[in-house]
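Spelled out, the chains give:
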Amino acid sequence: MNSAVRVLIADDDLMIRQVLREVLDEEPDITVVAVAEDAEEAIRLAERDRPQVAVLDVRMPGGGGAHAARGILARSPETAILAFSAYADRAAMAGLRAVGVSEYLVKGVPNTVLVEAVRRLGRGPG
Amino acid sequence: MDRPPAGDERFRLLVQGVLDYAIFMLDPAGHISSWNAGAKRIKGWSADEIIGQHFSVFYPPEDVAAGKPAWELEVAVAEGRLEDEGWRVRKDGTRFWANVVITALWDDNGELRGFAKVTRDMTERRNAEQALLERRRLVGHLVDAQERERRRIAWDVHDESIQSMVAVGMRLQLLAGRLRGDQGEVLGGLNDSVQTAVRRLRALVSRLRPPALDQQGLVEALTAYLDDVSEQWGLEYSLRHELPEEPSEEAAITLYRICQEALSNVHRHAGATRVDVRLSTVSKGMLMRISDDGVGTDTATGGAEDGGHFGLIEMRERAEAAHGWWSMTSEPGAGTTVEVWLPILPDLRDIEEEP
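Analysis parameters
Residues numbered from 1 in each chain as written. Chains lettered and ligands numbered in written order. Predicted model: local features only at pLDDT ≥ 70, side-chain atom pairs only at ≥ 80, totals over all residues. Pairing = 2+ DSSP bridges. Helix = DSSP H or I, 4+ residues; strand = E, 2+ residues; numbered from the N terminus. Axes fitted to C-alpha atoms, helices over the stretch in contact; angles between N-to-C directions. Contact = placed C-beta atoms within 7 Å. Nonpolar A, V, L, I, M, F, W, Y, C, P; charged D, E, K, R; others polar. Parallel < 35°, antiparallel > 145°, perpendicular 65-115°, else oblique. Left-handed = near helix turned anticlockwise from the far one by under 90°. Core = buried A, V, L, I, M, F, W, Y, C linked by C-beta atoms within 7 Å. Buried ≥ 20, exposed ≤ 12 C-beta atoms within 10 Å, placed from the backbone.

Novice: Mind showing me how you'd approach the sheet that holds strand β3 (residues 95-106) of chain B here?
Specialist: Backbone hydrogen bonds are what pair the strands of a sheet, in a parallel or an antiparallel way. All names here are of chain B. Taken in spatial order, the four strands line up as β1-β4-β3-β2 in an open sheet, and their pairing is antiparallel. The two strands at the open ends of the sheet, each matched to only one other strand, are β1 (21-26) and β2 (81-89). Ignoring strand direction, the axes of neighbouring strands in this sheet form an average angle of 25 degrees. Relative to β3, β2 runs antiparallel, the two being bridged by nine bridges. By the bridge assignment for β3, Arg81 is matched with Thr103. Its contacts with the sheet place helix α5 (residues 68-79) against β2, β3 and β4 (112-121), and it is angled at close to 165 degrees to β2.

Take a look at the structure:
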């Protein structure tokens, strides 16, 4: 097996951060390398750890998901971004796609869907 | 006493007998030269007491000090007539709100012979208007406060309750995957319940404050709402719109809420299969028309039973608080049409401050 997919998590909600980490770490081929509480921290950690996938909350202090996505892609262009949003909002989705977000999932999807999306993004376009 | 211009006895009796208007004459200098029953009733003086006095006794001291009586006669001479609304004083010193018309009277030689003065006591009407205005303002504030509170609750539910439930659901799925057999199934069932609760909370958030209204505007929000209820209630719908621009936030939420209330009436009472919603621009405002093909009602009593009436009052009050109007027309067998019109205003608050 290839080495595990390296993931960064950013969410301002403690419960979500904890459970996201557990759900992803439960998978043998995925490893959470960094956990951030806001957009600025997410950008800093992405630059340091160069994750393959960043799972970002859309509404966070310090600029939110769109700001975090732009910052991360500027410093770590190989990172694929998955927006994990509380909103099923078409306008927000379009906005995030425009700044380079690869995938948009609404909170409440089954864990398997989330895990599959992370795995797919981690394998990359090839 | 002067003869009235017509010189006709019947005409004199008519003027003398009118009770709702004070009708009297002034000489060119402003002294009272005739008096009628309405003048006595409204102002309190008898003819004997008042004839010969200057008409400035009818004005409050601040108006007399400002030279208003003389100024009014000057305007009447210059322009033929003067109309004014304002406070006037009765014999007993109390004030009443008067509508006053002063007309300059000229003889055939072009000489000023005096003035006809007609005064009406508008106090009750003014009080009623003020009460109505006050009530609309109050309803406006209430509606505003209600919307703000709803939005705050929606955000709280969304950002806290739903997030926590989502986290709980994810953890239940995680645990269900680790356990074997029955226990895993129990946790799977618990997770289903949590997901149902999340969906219900999202529906609640959406009812409290439709997210589309803030993010995508009125038409999108109405479309989402109509999609939702038409499926639930088995209604066909159409939505046509020709608004040149997005309405103000207040107007958008007012139209949205009235549409919600009207649709819920259609669902409860109309027995309709189809509803047509149309938004258009009419006389510097937005008109929303909601028509159904239901059983219709007698408009006079429509919806009065089982609390429906309150919904009708609420729709009208919301429209009026936004400076518009609301109406419902219905006939048995011919469906019901609700119309609401709101003016397009840069900011509703500007208008409220006007007297």
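Novice: I'm lost on the interface of chain A and chain B in this one. Help?
Specialist: In many analyses, interface size is given as the accessible surface area lost on bringing the parts together. Residue-level contacts link 15 residues of chain A with 15 residues of chain B. Residue contributions to the side of chain A that touches chain B peak at five residues, all from helix α1 (residues 14-25) of chain A. For the side of chain A that touches chain B, the class distribution of residues is eight nonpolar, two polar and five charged.

Novice: Could you clarify how one ought to interpret the sheet that holds strand β5 (residues 103-106) of chain A in this entry?
Specialist: All names here are of chain A. Strands sit in the order β2-β1-β3-β4-β5 across an open sheet of five strands; the sheet is parallel. With one partner strand each, in any of the chains shown, β2 (30-36) and β5 form the two edges of the open sheet. Strand-to-strand twist across the sheet, computed as the mean angle between neighbouring axes with direction ignored, equals 25 degrees. When strand β1 (residues 5-10) meets strand β3 (residues 53-57), the two strands line up parallel, connected through four bridges.

Novice: Help me understand the packing of helix α2 (residues 39-49) of chain A against helix α3 (residues 64-75) of chain A, please; the structure alone is not making it clear to me.
Specialist: When two helices pack together, their arrangement is given by the angle between their axes and by how far apart the axes lie. Residues and elements named next belong to chain A. Between α2 and α3, whose axes approach to 9 Å, the crossing angle comes to 20 degrees. Relative to α3, the element α2 is oriented roughly parallel. Seen along the crossing, α2 lies across α3 with a hand that is right-handed. Across the interface between the two elements, Ala39, Ala42, Ile43, Ala46 and Glu47 from α2 touch Gly64, His67, Ala68, Gly71, Ile72 and Arg75 from α3.

Novice: Just checking my understanding: could you explain the nonpolar core for this structure?
Specialist: Soluble globular proteins tend to bury their nonpolar side chains together. Among the nonpolar cores identified, the biggest contains 48 residues, and Ala42(A), Ala54(A), Val55(A), Leu56(A), Leu82(A) and Val118(A) are the most heavily contacted of them. When near neighbours in sequence (up to four residues on either side) are disregarded, Leu56(A) contacts Ala10(A), Ala42(A), Gly65(A), Ala68(A), Ala69(A), Ile81(A), Ala83(A) and Phe84(A). Within the second largest apolar cluster, 34 residues are counted, among which are Leu263(B), Val277(B), Met286(B) and Trp326(B).

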